[in-house]
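Observations on the three-dimensional arrangement
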Amino acid sequence: MGGPLEGVKVLDVAQAAAGPLGAMLLAEMGADVIKVEPPWGDFIRNRPPYKNGVDLMVFGFSRSKRSVVLDLKQEKDKALIFELVKWADVFVENYKVGTAEKMGLGYEALSKINPRLIYCSVAGFGHYGPLREQGTMAGIAAAFAGWGSFSGRPGGPTEQPRGGYSPDTITPQYTCLAILSALFYREKTGKGQKIETSQVEAGVAFLQSPATEYLVTGKQPQAMGSASALIAPSQVFPTAEGYLAVDAPNDRVWARLCEAINASGLAQNPDFVTNPLRVQNRRRLIPILEAVFSERPAAQWLSVLKEHRVPCALVSADLDDIYADPQVQSNSMITAMEHPKAGWLKTTTVPWEFNRTPGGIKSIGPLLGEHTKEIFEQFGFTPPDTTDVAAARASRATGR
Amino acid sequence: MTGALSGVKILDLTQGGGGPYCTMELGDSGAEVIKLEPPEGDWARKLGPPFVNGESVYFISLNRNKKSVVINLKHPKGLETALDLAKSCEVVVQNFRPGVVDRLGVGYDAVRRVNSAVIYCSMSALDSQGPEASDPGTELTLQARAGIMRGLGETGEAPVRFGTDAVATSAGLYAAQGILAALYHKARTGEGQHVKTSLLRGAIHVQTTTITFDCAPDGGLDDPRKRRGEPAAGFKTKDIPINFSFPYMLVGYPADERWKEFCRRVGLGHIVDDPRFANNYDRMAHAKELRRYYEEAFEDKTSAELLEILEELGALNTQFNDFPTLFSHPQILANDMVAEFDHTKAGRMKAVGIPWKMSESPGEIRLPPPLLGQHTQEVLQTEGFTKERIADLRNTGAIA
C-alpha cells in the first residue's frame, strides 16, 4: 500500500497512550514500527474493556506495529535492542524523565551507536521544571494544562472534556509532527537530533487561541455553554424536538439564516446587521432565535437551513449517530477489522489522504510479542523460549 | 541553528482557524509562509473583541511566522500573480469548500501545470465524497455532529461545547503532518502529491479508542454508552481547585481500599461503607452525591495537603488550573511555554510557546502576525517582479 514514510524504521519503546500513538501515526504513513514491550506487556494491556477475553486499549494506540518482547535484564535482549537502535531511524520513549539514561537508552548513549538517530522523548509534565519527574495520565495533564477552565454552562462550574480530545490523542499529534520535520531535516543535512515534548506542553499548545487571549489581555476566557464569544449566533438551540447547532460566521450567512427562518425583519434590524453588533446585542438576539427554533423539530430545521447553505448540525447523542453520518460513511472514516481472538472490531481509518502514497492501516494491532520470533531472527538472534517469557511475566505478577 | 523547514516556501491560501493553525506550525518549524489574503483580508481578522490596537487577538493567535500578500484572485492579473508565486513554492495549502479553488483557477491541477512537483494540501470541513461534501461546516457544527459535545455537559441539559477550536486545531495538526510527510517523500523521490484531510475526519480519528471500546460488551469505566451525570469539574479546596478522579488513578490497584483510606484521612470515614459508593462504577454513578461530600471535606484543606495524601495513596492527581495559575507556574515557565514577540502595531506581546523542542533545528517565533498586505511588495520583488509590474498590479486592483 505504500505510504510517504515507506522505508522509515521506528523503534518504539513507549507505553500506554500518548507515546505509542505518535509512533502509530508514523506506522500508518508507511513506516515499519517495532514496538518493544517488557514480558508483562505494555502498561495499557490487561485492563478493561475486553472482548472475547482480549483487552482492547492497545488497538487504539498501537495499530499497525510489530511487537517484540524484550526483557532488558537479559544480556541477549539488551544486545538485540542495541541492534534495533542501529537499525532505526527514529526512537520513541516515554519513560519517567531520567529513566532512559539509567537504562543505557539515553540520547547520548544511543546517538553514539547511531549518530543519525532521531530520538523522541515524551514526558508527562515536561523535561524541565520542578514537576519533571512526576508521572501523569491524560486527565491529569489536561487539568494541569488548563483544559477545564473555559468550558461549561455559563455560570459554571467549568469542566474539562471527556472522550476524543485529550492529551492522550493530542500529544501524539505534536510528537508525530516534530519527528516528521526531523526526518525532513535529516534528509537535507544528514543530522539526527533529540526531540523533547510532553503531555502538558502539548496540552497548553493545543489551547492556542483561548490561551493567547489570556496572555494578551490578562482575562480568563469564560465558559459560555455552547455559544461562542466571537460570533453570534453560534450555538446549540433547543427545538420542538431535539437540539440544533446553528452557526452564522459572517454577515452573508446571517442574511441567509434570516431568509431560511422567514425573518426578513430580523435581517433589516440595524442592531444585528454585523457580527460585532450581533455579539454585542446577543442578549436580545438569542431569545428571538430561540423562539423561532422552538416552533419546529430539529430535523426539519436542518433541511431548511441546509437548503440556504447555513452551517448547521444535529447534536450527536450517541455513537450510532456518527456511524450513520453520511459523510462518515461516504468517506470511509470508520471500518471494521478482524482480530484472531476478539473477532470483528470497529476502528477508524487514517486521518490523511495522499494521492500518490496512500499509506493505511497495516493491522488491527499486535498481540504481546506477536513478532518476537520474526524480529529475533531478522537480526540474527535465536528467538527466546516462550516459557522464559511466561515465567518472567508470572514473577512480575506475584511481585506486585 | 535554523528551523527544520528552513528554505521551504509555502503558499498559504487558508483563512479562519484550522488552516492557519496548520501553516503556523510549519512557520514555527522554519518554513517561509506566504499568506495570500483577499483585499478584505482573512475573515478571522474581523473576529473580536478582544482587539489590541485594532488587531484581532484571535487572528494574532494563529498567524505568527507568516508574511501577508494581498491578491485579488478574481482579477485575471491577480490569478496570474498567484500562479507565478506558486511556481516557486514547494507547498500550497487551502481550506476553501471543495470546488472553490478550481473555480478560482488555483486548484491542484492548475497549480501542477506551473509546478509539477508541488505538494498541494486541501483541508475541507466534511471531506471530499458524499452528499454533504460541499456543505459549509464550522467548529460548532463539527463538534455537534461528530459527538464531541457528548463529552461535556450533563445528561438531560443543554449541550456544551469545548471552548477552544479543538476540531479545527487538530485538523490543522493532521494537515501539517500530511504536508511534512509529503515533503519527506518528495525530498527522497522528487515526487509531490495531493494531501487531503478534513475537520470531520480528524474529529472521528481522535475517537478511535472510543469507537473500538464500543465493541466490548462492557466498555469499562470509559464506556461511551454509559451516561455520565456529572461534568468533569475541579474540586474546590481552601486555595487552588484540584482534579480529583479517583477511579482512574487506581486502575489495576485495589481501588476500593485506597478510596476508603482516602475518605478516612480527609474526615469522610462515615461514608466508607455507604452502598452507593461500593466500587468504581458505583462511585461514578453517584458522582453528584459524592461531590457534595468531597467539597465539604476539602473546604478547609489546601490543595497541597490533599495532593500529598493522594500521592501517598498512589493516586495521581493535580491542580485544576485556570490560566492565571497555569501561566505563572514554574513548570510552564521552565518548559518555555510562554514566549514573547514584538507586534508591528500592538507592541510587545506574550504568546504560547512551542511544545516540541528540537536539539538541532529548534522552532522559533521569527515574525509577528502580519498586518494585511504588509509583505506584498517585498514578496513580489523577491519573486523577481519588477517595480513597474507591481505598480501596474496595484493600479488595476489585482494586488494590494
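This is a predicted model, so every value here is computed, not measured. (Residues numbered from 1 in each chain as written. Chains lettered and ligands numbered in written order. Predicted model: local features only at pLDDT ≥ 70, side-chain atom pairs only at ≥ 80, totals over all residues.)

1. Comments concerning the overall build of chain B
- Along the backbone of chain B there are 18 helices and 14 strands.
- Sequence-distant contacts in chain B: of pairs separated by 6 or more residues, those separated by 24 or more amount to 70%. (Helix = DSSP H or I, 4+ residues; strand = E, 2+ residues; numbered from the N terminus. Contact = placed C-beta atoms within 7 Å.)

2. With respect to the overall build of chain A
- Looking only at helices and strands, one finds 18 helices and 15 strands in chain A.
- Considered along the principal axes of its C-alpha atoms, chain A spans approximately 80 × 45 × 45 Å.
- Evaluated residue by residue, chain A yields a buried proportion of 56% over its 400 residues.
- When contacts within chain A are restricted to residue pairs at least 6 apart in sequence, long-range pairs at least 24 apart make up 69% of them. (Buried ≥ 20, exposed ≤ 12 C-beta atoms within 10 Å, placed from the backbone.)

3. Digging into the pairing of strand β2 (residues 32–37) of chain B
All names here are of chain B.
- Among the six residues that make up β2, six are buried, leaving the element largely enclosed by the rest of the structure.
- Side chains of β2 alternate between two faces, with Glu-32, Ile-34 and Leu-36 and Val-33, Lys-35 and Glu-37 buried alike.
- Where strand β1 (residues 9–12) lies against β2, four bridges are found, and the strand directions are parallel. For Lys-9, the partnering residue across the bridge sits in β2 and is Glu-32.
- One crossover worth recording links β1 to the parallel β2 by way of helix α1 (residues 18–28), and it is right-handed.
- Relative to strand β5 (residues 66–70), β2 runs parallel, the two sharing five bridges. Bridged to Ile-34 within β5 is Lys-67. (Pairing = 2+ DSSP bridges. Right-handed = clockwise from strand over helix to strand, strands pointing away.)

4. Some points on the nonpolar core
- Among the nonpolar cores identified, the biggest contains 224 residues, and Leu-26, Ile-179 and Leu-244 of chain A together with Ile-179 of chain B are the most heavily contacted of them.
- For this core, the leading source of residues is helix α7 (residues 166–189) of chain B, giving 14 residues.
- Three or more residues apiece are contributed to this core by two domains, here domain 1 (9–206 + 336–395) and domain 2 (242–319) of chain B.
- Excluding its chain neighbours within four sequence positions, the residues that come into contact with Ile-179 of chain B are Leu-26, Val-91, Val-93, Ile-119, Cys-121 and Val-195 of chain B. (Core = buried A, V, L, I, M, F, W, Y, C linked by C-beta atoms within 7 Å. Domains from an automatic or database assignment.)

5. Regarding the domain arrangement of chain B
- The domain architecture assigned to chain B consists of domain 1 (9–206 + 336–395) and domain 2 (242–319).
- When each unit is reduced to the centre of its C-alpha atoms, the spacing between domain 1 of chain B and domain 2 of chain B is 45 Å.

6. Looking at the sheet that holds strand β5 (residues 66–69) of chain A
- If you walk across this open sheet you meet the seven strands as β5(A)-β2(A)-β1(A)-β6(A)-β7(A)-β9(A)-β14(B), and the pairing is mixed. Here the strands that pair on one side only, and so sit at the sheet edges, are β5 of chain A together with β14 (357–358) of chain B.
- Sheet analysis places strand β1 (residues 9–12) of chain A next to strand β6 (residues 90–93) of chain A, joined by three bridges and oriented parallel. Note on β6 of chain A: the bridge partner recorded for Asp-12 of chain A is Val-92 of chain A.

7. Notes on the packing of helix α1 (residues 18–27) of chain A against helix α7 (residues 167–189) of chain A
Residues and elements named next belong to chain A.
- Contact geometry for α1 and α7: axes closest at 7 Å, N-to-C directions at 50 degrees. Judged on the interaxial angle alone, α7 and α1 are oblique. Crossing hand, α1 versus α7: right-handed. Contact with α1, carried on its side by Ala-18, Leu-21, Gly-22, Leu-25 and Leu-26, involves Pro-167, Asp-168, Thr-169, Thr-171, Pro-172, Thr-175, Cys-176 and Ile-179 of α7 and no other residues of that element.
- Broken down by class, the residue content of the contact of α1 with α7 amounts to eight nonpolar, four polar and one charged. (Axes fitted to C-alpha atoms, helices over the stretch in contact; angles between N-to-C directions. Parallel < 35°, antiparallel > 145°, perpendicular 65-115°, else oblique. Left-handed = near helix turned anticlockwise from the far one by under 90°. Nonpolar A, V, L, I, M, F, W, Y, C, P; charged D, E, K, R; others polar.)

8. Here we look at the confidence of the model for chain B
- Per-residue pLDDT for chain B averages 94, and the proportion of residues at 70 or more is 96%.
- ipTM for the predicted complex: 0.96, alongside a pTM of 0.96. (pLDDT = per-residue confidence, 0-100.)

9. Some details on the sheet that holds β2 of chain B
- Read from one edge to the other, the open sheet built from seven strands follows the order β15(A)-β8(B)-β7(B)-β6(B)-β1(B)-β2(B)-β5(B), with strand pairing classed as mixed. Every interior strand has two partners, whereas the edge strands, β15 (353–354) of chain A together with β5 of chain B, have only one.

10. What to know about the interface of chain A and chain B
- Taken residue by residue, the interface counts 128 residues in chain A and 127 residues in chain B.
- Looking at chain direction, strand β8 (residues 159–160) of chain A and strand β9 (residues 232–233) of chain B are connected through two bridges and run antiparallel. Looking at the pairing, Glu-159 of chain A lines up with Ala-233 of chain B of β9 of chain B.

11. Here's the deal with unusual backbone geometry
- The linkage connecting Pro-48 of chain A with the following residue, Pro-49 of chain A, adopts the cis geometry, with an omega of 5 degrees.
- Within the element layout of this structure, Pro-49 of chain A appears in the loop between β2 (32–37) and β3 (50–51).
- The linkage connecting Gly-48 of chain B with the following residue, Pro-49 of chain B, adopts the cis geometry, with an omega of 15 degrees.
- With respect to the helices, strands and loops of the structure, Pro-49 of chain B is situated in the loop between β2 and β3 (51–52).
- Despite not being glycine, Asn-46 of chain A shows a phi value in the positive range, around 60 degrees.
- Take Asn-46 of chain A: there are 16 C-beta atoms within 10 Å of it, and that puts it in the partly exposed class.
- Although it is not a glycine, Asp-127 of chain B sits at a positive phi angle of roughly 80 degrees.
- Here Asp-127 of chain B lies in the loop between β7 (119–124) and α6 (139–145).
- Residue Asp-127 of chain B is classed as buried on the basis of its 24 C-beta neighbours within 10 Å.

12. With respect to the packing of α7 of chain A against helix α8 (residues 199–206) of chain A
All names here are of chain A.
- The contact between α7 and α8 brings their axes to 9 Å, and the two run at 90 degrees. Classified by the interaxial angle, the pair formed by α7 and α8 is roughly perpendicular. Facing α7, whose interface residues are Pro-167, Ile-170, Thr-171 and Tyr-174, α8 presents Gln-199, Ala-202, Gly-203, Ala-205 and Phe-206.

13. Observations regarding the pairing of strand β7 (residues 118–123) of chain A
All names here are of chain A.
- Counting buried positions along β7 gives six out of six residues, so the element sits mostly inside the fold.
- Burial along β7 is two-sided: Ile-118, Cys-120 and Val-122 and Tyr-119, Ser-121 and Ala-123, pointing in opposite directions, are all buried.
- Summarising the sheet, β6 and β7 pair through four bridges and their orientation is parallel. Among the inter-strand pairings, Phe-91 is bridged to a residue of β7, identified as Tyr-119.
- Judged from the six bridges that link them, β7 and strand β9 (residues 193–198) form a sheet pairing that is parallel. Residue pairing for β9: Ser-121 is matched across the bridge by Glu-196.

14. Observations regarding the environment of Ala-202 of chain A
- Assignment of secondary structure puts Ala-202 of chain A in helix α8.
- The exposure class of Ala-202 of chain A is buried, given the 24 C-beta atoms found within 10 Å.
- Spatially, the C-alpha atom of Ala-202 of chain A lies 8.8 Å from that of Ala-145 of chain A, the residues being 57 residues apart in sequence.
- Beyond its immediate stretch of four places on either side in the chain, Ala-202 of chain A contacts Pro-167, Ile-170, Thr-171, Tyr-174 and Thr-197 of chain A together with Pro-355 of chain B.

15. Side note on the environment of Ser-170 of chain B
- Looking at the secondary structure, you find Ser-170 of chain B in helix α7.
- Ser-170 of chain B gets classed as buried once you count the C-beta atoms within 10 Å, which come to 25.
- Apart from the residues within four sequence positions on either side, Ser-170 of chain B is in contact with Tyr-165, Ile-170 and Gln-173 of chain A together with Gly-202 and Val-206 of chain B.

16. A short note on the environment of Met-123 of chain B
Residues and elements named next belong to chain B.
- Take Met-123: it is sitting in strand β7.
- Judged by the 26 C-beta atoms lying within 10 Å of it, Met-123 is buried.
- Not counting the four nearest positions on each side in its chain, Met-123 is found in contact with Thr-14, Gly-18, Gly-19, Asn-95, Ala-171, Ala-175, Thr-197 and Ser-198.

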